[in-house]
Amino acid sequence: QVQLVESGGGLVQPGGSLRLSCAASGFTFSSYAMSWYRQAPGKERELVAGITSTGGSTNYADSMKGRFTISRDNAKNTVYLQMNSLKPEDTAVYYCNARWILVVAGIPHRSEYWGQGTQVTVSS
């Protein structure tokens, strides 16, 4: 049974920090690229940050660059999101995503999983 379980969300004051964790099970974690997405009320889900299966490359949405850091520990089947200098506009439900894509003879084969989300609220 595949599971992605996020934790670490909560209420934090502007300028504060949080570290989100996403514990994976039921699939070969080290083969999957991992990402964090977020969705604020009334808005579409957006990419926050992504990391390749080996952890060798990361990418961030422009508004998170310099404030957020994504990392992973393949020995622990866990991906992290360190969030610093939080702003009220960072308030959202944060979701963990696992994605695997293999193209064989031009045909893509995909596998994707989502966590249930964890609420982050930035407010004074």
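Residues numbered from 1 in each chain as written. Predicted model: local features only at pLDDT ≥ 70, side-chain atom pairs only at ≥ 80, totals over all residues. Heavy atoms only, no water.

Engineer: Please provide a residue-by-residue account of the state of the cysteines, values included.
Structural biologist: If you walk through the whole model with that rule in mind, you get one disulfide. One disulfide bridge connects Cys22 with Cys96, the sulfur atoms lying 2.1 Å from each other. Its S-S torsion of approximately -85 degrees makes the covalent link between Cys22 and Cys96 left-handed. With Cys22 in strand 3 (residues 18-25) and Cys96 in strand 9 (residues 92-104), the pair connects residues that are 74 residues apart, well separated along the chain. For the pair Cys22 and Cys96, one class covers both residues: buried. (Disulfide = S-S within 2.5 Å. Helix = DSSP H or I, 4+ residues; strand = E, 2+ residues; numbered from the N terminus. Buried < 20%, exposed > 50% of the residue type's maximum accessible area, 1.4 Å probe, protein only.)

Engineer: Please provide a residue-by-residue account of the sheet that holds strand 7 (residues 68-73), values included.
Structural biologist: Spatial ordering of the open sheet is given by 1-3-8-7, a layout of four strands whose pairing is antiparallel. The two strands at the open ends of the sheet, each matched to only one other strand, are strand 1 (3-7) and strand 7. Averaged over all pairs of adjacent strands, the angle between their axes in this sheet comes to 15 degrees, without regard to strand direction. Direction of pairing for strand 1 relative to strand 3: antiparallel, over a ladder of five bridges. (Pairing = 2+ DSSP bridges. Axes fitted to C-alpha atoms, helices over the stretch in contact; angles between N-to-C directions.)

Engineer: Account for the nonpolar core, naming residues and giving values.
Structural biologist: Ranked by internal contacts, the top residues of the largest apolar core, which has 29 residues, are Met34, Trp36, Val79, Leu81, Met83 and Tyr94. Elements that contribute at least two residues to this core include exactly strand 3, strand 4 (33-39), strand 5 (46-51), strand 7, strand 8 (78-83), strand 9 and strand 11 (118-122). Beyond its immediate sequence surroundings of up to four residues, Leu81 is in contact with Leu18, Arg19, Leu20, Trp36, Val48, Ala49, Phe68, Thr69, Ile70 and Tyr94. (Core = buried A, V, L, I, M, F, W, Y, C linked by side-chain atoms within 4.5 Å. Contact = heavy atoms within 4.5 Å.)

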